[in-house]
Structure formats: structure tokens, C-alpha cells
Amino acid sequence: MALAVGTTAPAFTAKDTNGNTVSLSDLAGKTVILYFYPKDDTPGCTKQACSFRDAYADYQGKDIVVLGVSKDDEASHQKFTEKFNLPFPLLADVDGSIIKAYDVEGSSGYAQRVTYVIDGTGKIVHVDSSVNTGSHAQDILAALAS
């Protein structure tokens, strides 16, 4: 069961695609799109990531940070990012601690496909747990506009 709107987003710190440390606390004041997905370079996950890539210009200039999260390691994220020209970082949640904190652990141990929108104060303001992988980035933009 995904976390509810109005909940304070659980703090996290993880390494990104390039080995940089990313903490939610460092992103205070920005809107964070935190999308969880099962596995790098699989058909649905690729469609979802590419939807964010293709809409990325629409996110720019709005103080919005897009972060993808899976249990894949940094090397896998680097290959996936390079292969599909992803302009945003992916977080390596190898031990699954972020996945557990956000209550999106699937029965197979992989992350369920759930996206959280976290406002600048650290509150969850939107949850999408019925993701359409092809239009996901536009769906999130529409939710932000409403």
C-alpha cells in the first residue's frame, strides 16, 4: 500500500547514476518526482524512463527534480542512462531501504511501479500507483497543473 497524500516523505540518501550522493533533505524547496520502477532496461521500465526523457524540457525551469529509483546498482543505471540518453539521475537502492520506506516493495522483491510527488516542504502531494508507462511523465505534469 503506497504512502498517503499529506504524509511526510521518508528521508533517504542514495548514490545516483554517477556515484553522487543524493539526499531528499538536499532538495528542500524543490518539487521532487520520485518514481519507483522494477528493473533497468526492461520494456515497461524503458517506456516509463523514456516518457520522462521526452517530457524533460517541460519539467525544466519549474524547480522540479526527477529521480528514478530501483534496486539496480550504479553500473546498471549508467548503462541504462547511456543507452536511452536519460537526462535525470537514477538512484541505486541496492538494499531496498528506500523501496521499503516508501512502501512500494513488490512480492518479487522488486519495486512496484509507483510515483510520488513531494513538495518543497517534504510532504507527499500526489501518488500515482496506476502508472501508464507511455504517458507517465505527461500524466504527472497534468496532476501538478491541477
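First, a word on scope: everything that follows refers to the structure included in this document. (Residues numbered from 1 in each chain as written. Predicted model: local features only at pLDDT ≥ 70, side-chain atom pairs only at ≥ 80, totals over all residues. Heavy atoms only, no water.)

Right, let's talk about the packing of helix α1 (residues 43-59) against helix α4 (residues 136-145) for a bit. The interhelical angle for the contact between α1 and α4, taken along N-to-C directions, is 45°, at an axis separation of 7 Å. Classed by the angle they form, the pair α1 and α4 counts as oblique. Contact residues: Gln48, Ser51, Phe52, Ala55, Asp58 and Tyr59 in α1; His136, Ala137, Gln138, Ile140 and Leu141 in α4. Its residues assigned to classes, the contact of α1 with α4 comprises six nonpolar, four polar and one charged. (Axes fitted to C-alpha atoms, helices over the stretch in contact; angles between N-to-C directions. Helix = DSSP H or I, 4+ residues; strand = E, 2+ residues; numbered from the N terminus. Parallel < 35°, antiparallel > 145°, perpendicular 65-115°, else oblique. Contact = heavy atoms within 4.5 Å. Nonpolar A, V, L, I, M, F, W, Y, C, P; charged D, E, K, R; others polar.)

Once that is clear, we can look at the pairing of strand β6 (residues 114-118). Of all five residues making up β6, five are buried, and the element is well covered by its neighbours. Residues Val114, Tyr116 and Ile118 point to one face of β6 and Thr115 and Val117 to the other, with burial holding for every one of them. Sheet topology note: the strand β3 (residues 31-36)/β6 ladder contains five bridges and is antiparallel. Across the sheet, the residue bridging to tyrosine 35 is threonine 115, located in β6. Across four bridges, the pairing between β6 and strand β7 (residues 124-128) is antiparallel. Residue pairing across strands places tyrosine 116 opposite valine 127, the latter belonging to β7. Hairpin connection from β6 to β7: five residues lie between these consecutive antiparallel strands, with glycine 122 at a positive phi of about 90°. (Buried < 20%, exposed > 50% of the residue type's maximum accessible area, 1.4 Å probe, protein only. Pairing = 2+ DSSP bridges.)

Ordered in space as β2-β1-β5-β4-β3-β6-β7, the seven strands form an open sheet in which the pairing is mixed. Edge positions in the sheet fall to β2 (21-23) and β7, since each has one partner strand and no second. Taking each pair of neighbouring strands and ignoring which way they run, the sheet shows an average axis angle of 30°. In this fold α1 packs onto β3, β4 (64-70) and β6, with an angle of close to 170° to the strand it touches most, β3. Of the strands in this sheet, β1 (13-16), β4 and β5 (90-92) are in contact with helix α2 (residues 74-84), which crosses β5 at around 160°.

What follows deals with the pairing of β4. Buried residues dominate β4, accounting for seven of its seven residues. Burial along β4 is two-sided: Ile64, Val66, Gly68 and Ser70 facing one way and Val65, Leu67 and Val69 facing the other are all buried. In the classification by handedness, the crossover that spans β3, the intervening α1 and the parallel β4 is right-handed. (Right-handed = clockwise from strand over helix to strand, strands pointing away.)

Turning our attention to α2. Among the residues of α2, His77, Phe80, Thr81 and Phe84 are the ones counted as buried. For α2, the angular spread of buried residues about the axis comes to 100°, placing them on one side. Counted as exposed and oriented over 90 degrees from the buried face of α2: Lys79, Glu82 and Lys83. Tucked into the core, α2 has its buried residues touching α1, β4 and β5. Two or three places before alanine 75, at the start of α2, stands the capping residue aspartate 73, its side-chain oxygen 3.3 Å from that residue's backbone nitrogen. (Arc of directions from axis to C-beta. Polar contact = N/O pair within 3.5 Å; in protein donor to acceptor, adjacent residues only side chain to side chain.)

For threonine 46, the position within the fold is in helix α1. In this view, threonine 46 contacts Asp41, Phe80 and Phe84; residues no more than four positions away in its chain are not counted.

Taking 1.5 Å per residue, 17 residues should reach 24 Å; α1 reaches 24 Å between its end C-alpha atoms and fits that length. Its axis deflected by about 35° at arginine 53, α1 carries its strongest bend there. For α1, every residue scored as buried is listed here: Cys45, Thr46, Gln48, Ala49, Cys50, Ser51, Phe52, Ala55, Tyr56 and Tyr59. Tucked inside the fold, the buried residues of α1 contact β3, β4, α2, β6 and α4. (Expected span 1.5 Å × (residues − 1). Bend = angle between axes of the 7 residues up to and from the residue.)

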